[in-house]
Amino acid sequence: MRMNIFEIKMYLNFAFLLLLFCLSALQTWASDPDPVQDFCIPNTDKFDASAGLPCKNPRLVTPDDFVFSGIKSPGNFSDTGLSAVPVNPTTFPGLNTLGMSFVRADFRPGGINPPHFHPRATETVYVIQGKVYAGFVDSTNRVFAKVLEQGDVMVFPRGLVHFQMNVGKSPATVFGCFNSQNPGTQKIPNVIFGSGINDELLEKAFGLSLRQISRMRRRFLPRKA
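Residues numbered from 1 in each chain as written. Predicted model: local features only at pLDDT ≥ 70, side-chain atom pairs only at ≥ 80, totals over all residues. Heavy atoms only, no water.

*Asks:* Explain the overall build of the protein to me, please; I cannot follow it from the model alone.
*Replies:* When helices and strands are tallied, the protein shows four helices and ten strands. For the protein, the sequential pattern of α-helices and β-strands runs α-β-β-β-β-β-β-β-β-β-β-α-α-α. Across the 225 residues of the protein, 28% fall into the buried class. For the protein, restricting intrachain contacts to residue pairs at least 6 apart in sequence, the fraction spanning at least 24 positions comes to 66%. (Helix = DSSP H or I, 4+ residues; strand = E, 2+ residues; numbered from the N terminus. Buried < 20%, exposed > 50% of the residue type's maximum accessible area, 1.4 Å probe, protein only. Contact = heavy atoms within 4.5 Å.)

What follows is the structure in structure tokens.
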């Protein structure tokens, strides 16, 4: 059956919209770009402001470029009882272009990792030792949380707020892995009170007084060097 001009135009419009949808879906589903070579160890001796760091000559790459020993012990602890040692291509060049990064997190008894999210990565956590209350909140404000013990694994979907707290009587250690070499981290308290959002808006949104908002700002605003 032959199509008239109107039907042909409708078909082409539909095909064009379908193509746009497929392209946008691919962009939404994709994480980091797929590598185009086996590996790319950054050559820190050569830097191009427009192109970034080039890959080191593969013949000059050694096994040491793919080994990292910086998470054998905890880092410095924060006021919340958390020590986090992030590992990404900046500290571990072997990860460059591989679409992943990871973190070692240690908790003192009662220590917490405040609610936060990673805009560019899903996170999988593995409990090495201790008991950790962990969970995330979905877009309907439903909480998925559970006490994890040694050997347990939990996943936090990309972009969703999640948290951890040591509920045991001894230190806890967690290993987290991300499907992006640059997952990004935004901690909710810092985002709300440490970013310079208008005081009047915060007053109306949270029912806080200006004095309370000022107190929160002093706690979460970045400290000047």
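*Asks:* Help me understand the packing of aromatic side chains, please; the structure alone is not making it clear to me.
*Replies:* Each aromatic ring pair is characterised by the separation of its centres together with the angle its planes make. On inspection of all chains with the given rule, the structure shows six aromatic pairs. Ring plane angle 35 degrees and centroid distance 5.3 Å describe the contact between Phe 102 and Phe 175, whose orientation is recorded as tilted. With Phe 102 in strand β2 (residues 101-107) and Phe 175 in strand β9 (residues 172-178), the pair connects residues that are 73 residues apart, well separated along the chain. Given the relative accessible area of 11%, Phe 102 is considered buried. Ring geometry for Phe 193 versus Phe 206: centroids 5.9 Å apart, planes at 40 degrees, classification tilted. Placement of the pair is Phe 193 in helix α2 (residues 188-193) and Phe 206 in helix α3 (residues 199-206), with a sequence separation of 13 residues. (Phe/Tyr/Trp six-rings, centres within 6.5 Å; stacked < 30°, edge-to-face > 60°.)

*Asks:* Got a minute to help me understand the sheet that holds strand β10 (residues 186-187) in this structure?
*Replies:* Think of a sheet as strands paired side by side through backbone hydrogen bonds, with each pair either parallel or antiparallel. A sheet is described by the order of its strands in space; here five strands give the open sequence β6-β5-β8-β3-β10, paired in antiparallel fashion. Strands with a single pairing partner mark the edges of an open sheet, and in this sheet they are β6 (143-148) and β10. Summarising the sheet, strand β3 (residues 112-117) and β10 pair through two bridges and their orientation is antiparallel. Paired with His 116 across the strands is Lys 187, a residue of β10. (Pairing = 2+ DSSP bridges.)

*Asks:* Whenever I open this one, the pattern of salt bridges confuses me. Can you help?
*Replies:* Here the structure, examined in full by the defined rule, presents four salt bridges. Put simply, Arg 104 and Asp 106 hold a salt bridge, and the shortest N to O gap is 2.7 Å. By relative accessible area, Arg 104 is classed as buried at 13%. (Salt bridge = Lys/Arg side-chain N within 4 Å of Asp/Glu carboxyl O.)

*Asks:* Even after reading the chapter, I still don't get the sheet that holds strand β4 (residues 123-129), so can you show me in this structure?
*Replies:* Taken in spatial order, the five strands make up an open sheet running β1-β2-β9-β4-β7, and their pairing is antiparallel. Sheet topology places β1 (82-87) and β7 (153-156) at the edges, where each strand pairs with a single neighbour. With direction set aside, neighbouring strand axes in the sheet form an average angle of 20 degrees. Direction of pairing for β2 relative to β9: antiparallel, over a ladder of seven bridges. (Axes fitted to C-alpha atoms, helices over the stretch in contact; angles between N-to-C directions.)

*Asks:* It is not clear to me how the environment of Asn 190 should be interpreted in this structure. Could you clarify?
*Replies:* Along the chain, Asn 190 turns up in helix α2. Taking the C-alpha atoms as reference points, Asn 190 and Phe 220, separated by 30 residues in sequence, lie 5.4 Å from one another. Look past the residues within four positions of Asn 190 in its chain and what remains in contact with it is Ser 195 and Phe 220.

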